[in-house]
Amino acid sequence: MERRDFLVASAAATAALTAGLPAAEAAAAPHPAPGPEPHPAPKPSPLSLWYDKPAAQWLEALPLGNGRLGAMVFGGVNTEQLQLNEDTLWAGGPYEPANPKGLANLAEIRRRVFAGQWSSAQSLIDSSFMGIPVGELMYQTVGNLRLTVAGTGDVTGYRRELDLDRGVATVTYSRGGVAYRREVFASHADQVIVVRLTAGGRGGLSFSAAFDTPQQAGTDSPDLLTAALEGVGQTREGVTGQVRFRALVRADAHGGTVRSENGTLTVTGADSATLLVSVGTGYLDYTDASGDHRARAEGPLNAAAAVPYEELRARHERDHRALFRRVTLDLGTTDAAGVPTDQRVAAFAETEDPQLIALHYQYGRYLLIASSRPGTQPANLQGIWNDQLSPPWDSKYTININTEMNYWPAATTNLLECWEPIFALLDDLSQAGQKTARVQYGADGWVAHHNTDAWRGTAPVDGAFWGMWPTGGAWLATSVWEHYRFTGDRDALRRRLPVVEGAVRFFLDSLVLDPGTGHLVTCPSVSPENAHHNGVSACAGPTMDNQILRDLFDGYLAACDTLGAPSPYVERVRAARDQLPPMKIGALGQLQEWQEDWDAGAPERQHRHVSHLYGLHPSNQITKRGTPDLFQAALKTLEMRGDAGTGWSLAWKINFWARAEDGARSYKLLSDLLTPSRTAPNLFDLHPPFQIDGNFGATAGVTEWLLQSHTDEVHLLPALPPQLPDGRVKGLLARGGLTVDLDWRGGALSHARLAARHDGTVRLRTAVPVDVDAPGHPRRPPVERPEDTVAVFEVTGGRDYTIKPR
């Protein structure tokens, strides 16, 4: 459901449910009484994070999300805390960041760069070319719902767990002879967070619930069954806070009494109780925060209150599993899997625990499902989970790697729907970035730099050293052609082509001739966040820019050809593409990060960003068989950079070494990631502090061990680590519209299945020669074998094909 449709539906639900009732009566209208407690709780899943004590800090709490609403569940005994987020609660409001001084100073900035006056150019960028304000706006917390639970006596049998397969967090324990149980989930189907509390003894459940928040907000009790929190996001960076929000919690108890007074909800002497939590904001889109935040909170709450708990949970689980169960991964299990999750991470380097890799892998998929759904905001630097008003790096969208990394597993792990918010973001940026392009570059089309936020800021921000990078929007725009490579969806490609064309038009206008080389280059630019001389990053035509623009131009040309779409830009795009600087190999044998061979003397030779290897991953411009010299130079660069890195940097290196078909080295980097310094007790990735991109990047990297398709051939088990000789995976996606299942034994493929979504030609690469069959059809498909281990054959949409070693 699109966001505006959701608003309309919410308002309609509110009106229908309260029609004809005075406000007080409507609020206190009777709720359907739940029946007896259901069948016994589900057995613990092997795909569970679990712990034997409550969370003592945020990085031990367990994340729930429905794409829009997020909750971190602490699992306390005396006090339960749900830290809450809503994906549109950002500081500030709509603003226009384009700097009107930019264009007048652009020519002089470029002159200084080309003259080698990089520090002077960088100073002029800082004084005349940065966005207004220089910083963007931050994602902010709603606050907390805290439950104070009555009870005395020693606690025994405590267990806290997050079942990834169900999307449900559970707390169980016994106290004073009474068994207590809590279930919490964030329902996408019903757009509420649901908390179910039960006590084994009749009338044994008593607790209070109230909101608190660091925001400027107040609490109240709108009716006898509901408590509320209402406030507005902060004013920051000189931009007035405009996002109003309202959070509601309503109780439905079986047995006992419920009372809400002065913002505190009290349940006394109940057998069980269900709490429904809803949050609404006034954010409509990046230009408008005037929506009815109250209706957006009340509509889902009222609708969900009419549904029995068992049905709410069943609807949630069906919706979640429809995505989550598309992929299964089995790497084997050892005794190491029998201890709490945080202990497994602490011991991973010294134990054999392949199931932790599978758990961490599926956790990445779980987090993407929980933080990115059609109609929501994209997953930001922390997904949707943030407990602060000033989170690290503002918890916004860093589009010089981190946002893109968030979505690397979307297609390959069969979560195409979760990719949709990126395309909505591109729609917004293609509009918002037009003024930045015109005002600061005098260019047609649109541009976005290294960061953006809920208000779709597109100008350079933070400072010239980091922010003067004009290719962030272009990188995001390459997703359009990549989506088509996976899906063959011509309608989506046609619909999104104008966004790509807008990015192309900007670079056709803004690329300039390098007087020293005759190539067309971006100027000014940077190689993301890295200095080529002390304190200086400003440059012209860094390697990553040229690689991204090749992909942007090639994807545009391919899309126009595929669609037969007439375009006045095709010849200009071809000419500009051919005039981009080539990738170069430096004196040390490395792939150069800049046009000049500065790598050896760069201040940070082991910098966390390895931006110029974009051509190796996620792109396909550097490959083992297609460009062997550049491939060796990329490996030399990886050796020079070293294996150390922040969480997300390690995740990118996992992918680099997988593309190098070196599973052992890639596995070693995953082992470095799965340590307490880089992985929190709740498996959140640590930069440190928390950044979610490392979770998503690691999941994508493990997929690259098992399946690669970036070179227009499907490569089975290209980088299988020797540490994982036996296993199976089902449901992965390959480019060309293929769903792939794999079994391997003793480090070698034993069986594979390819399910074709549409007609096409498959070029299949394996370690040994294979036979191809089409079960249920009278004859095997004809197979060409240009190499012993390459099979080329035609597939028909809707049919399955089996692959076995000969």
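Just so it is clear, the structure is predicted and the values come from calculations on it, not from any experiment.

Asker: Is there a simple way to think about the sheet that holds strand β5 (residues 143-149) in this case?
Answerer: One open sheet accounts for seven strands, arranged β2-β3-β4-β5-β10-β15-β14; its pairing is antiparallel. What marks the edges here is a single partner per strand, and that holds for β2 (62-65) and β14 (257-261). Geometrically, the sheet is characterised by an average inter-axis angle of 20 degrees between neighbouring strands, direction not taken into account. Of the pairings in the sheet, the one linking strand β3 (residues 69-73) to strand β4 (residues 79-86) comprises five bridges and is antiparallel in character. Residue pairing for β4: V73 is matched across the bridge by L82.

Asker: For this particular structure, what's the right way to read the pairing of strand β6 (residues 155-163)?
Answerer: The side chains of a regular strand alternate, residue by residue, between the two faces of the sheet. As judged from the four bridges shared by strand β1 (residues 48-51) and β6, these two strands associate in the antiparallel manner. Residue pairing in the sheet places Y51 in a bridge with R160 of β6. Taking the residues that link successive antiparallel strands as the turn, the β6-strand β7 (residues 168-175) hairpin has four residues, and the phi of G167 there is positive, at about 70 degrees.

Asker: It is not clear to me how the layout of surface pockets should be interpreted in this structure. Could you clarify?
Answerer: In this approach a probe as big as a water molecule rolls over the atoms, and the regions it shows empty are the leftover space. Taken as a whole, the largest pocket encloses approximately 590 Å³ of empty space. Residues belonging to the lining of the largest pocket are distributed by class as follows: 12 nonpolar, nine polar and nine charged.

Asker: How should unusual backbone geometry be read in this particular structure?
Answerer: Glycine aside, the phi torsion of most residues is negative, and most peptide linkages are trans. A cis amide bond links H687 to the next residue, P688, at an omega of -5 degrees. Inspection of the secondary structure assignment puts P688 in the loop between α20 (663-673) and α21 (693-706). The step from P688 to P689 runs through a cis peptide bond, and the omega angle for that step is 0 degrees. Position of P689 relative to the elements: it lies in the loop between α20 and α21. Positive phi values are uncommon outside glycine, yet E529 reaches one of about 65 degrees. Within the secondary structure, E529 sits in the loop between β21 (520-521) and α16 (543-563). Although it is not a glycine, L683 adopts a positive phi angle of roughly 75 degrees. Within the secondary structure layout, L683 lies in the loop between α20 and α21. On the accessibility criterion, L683 (0% relative accessible area) is buried.

Asker: Got a minute to help me understand helix α14 (residues 479-487) in this structure?
Answerer: One turn of an α-helix holds 3.6 residues; hence residues three or four places apart share an orientation. A large share of α14 lies buried, amounting to eight of its nine residues. Residues of α14 that are buried: S479, V480, E482, H483, Y484, R485, F486 and T487. Of the surrounding elements, those touching the buried residues of α14 are α10 (408-412), α11 (420-441), α13 (472-477), α15 (490-510), α16 and β24 (727-734). G488 sits one or two positions beyond α14 and adopts a positive phi of about 65 degrees.

Asker: Sorry, what's going on with the nonpolar core here?
Answerer: Soluble globular proteins tend to pack their nonpolar side chains together in the buried interior. With 223 residues, the main nonpolar core has I357, L552, F553, F684, W705, L706 and L742 as its most contacted residues. Core analysis: the next-biggest nonpolar cluster, separate from the first, contains 14 residues, L276, A304, A305 and V307 among them.

Asker: Could you clarify how one ought to interpret α20 in this entry?
Answerer: Taken across its 11 residues, α20 has eight buried, putting it largely inside the fold. For α20, the complete set of buried residues consists of G663, R665, S666, Y667, L669, L670, S671 and L673. Those residues of α20 hidden inside the fold are in contact with α8 (354-371), α18 (628-641), α19 (647-659) and α21.

Definitions and limits used
Residues numbered from 1 in each chain as written. Predicted model: local features only at pLDDT ≥ 70, side-chain atom pairs only at ≥ 80, totals over all residues. Heavy atoms only, no water. Pairing = 2+ DSSP bridges. Helix = DSSP H or I, 4+ residues; strand = E, 2+ residues; numbered from the N terminus. Axes fitted to C-alpha atoms, helices over the stretch in contact; angles between N-to-C directions. 1 Å grid on protein atoms, 1.4 Å probe; cavity = no way out; pocket = protein on both sides within 12 Å on 5 of 7 lines; lining within 4 Å. Points joined across faces, edges and corners; volume = space filled by probe spheres on them. Nonpolar A, V, L, I, M, F, W, Y, C, P; charged D, E, K, R; others polar. Buried < 20%, exposed > 50% of the residue type's maximum accessible area, 1.4 Å probe, protein only. Contact = heavy atoms within 4.5 Å. Core = buried A, V, L, I, M, F, W, Y, C linked by side-chain atoms within 4.5 Å.

Geometric descriptors of this kind do not, in isolation, establish any biological role.
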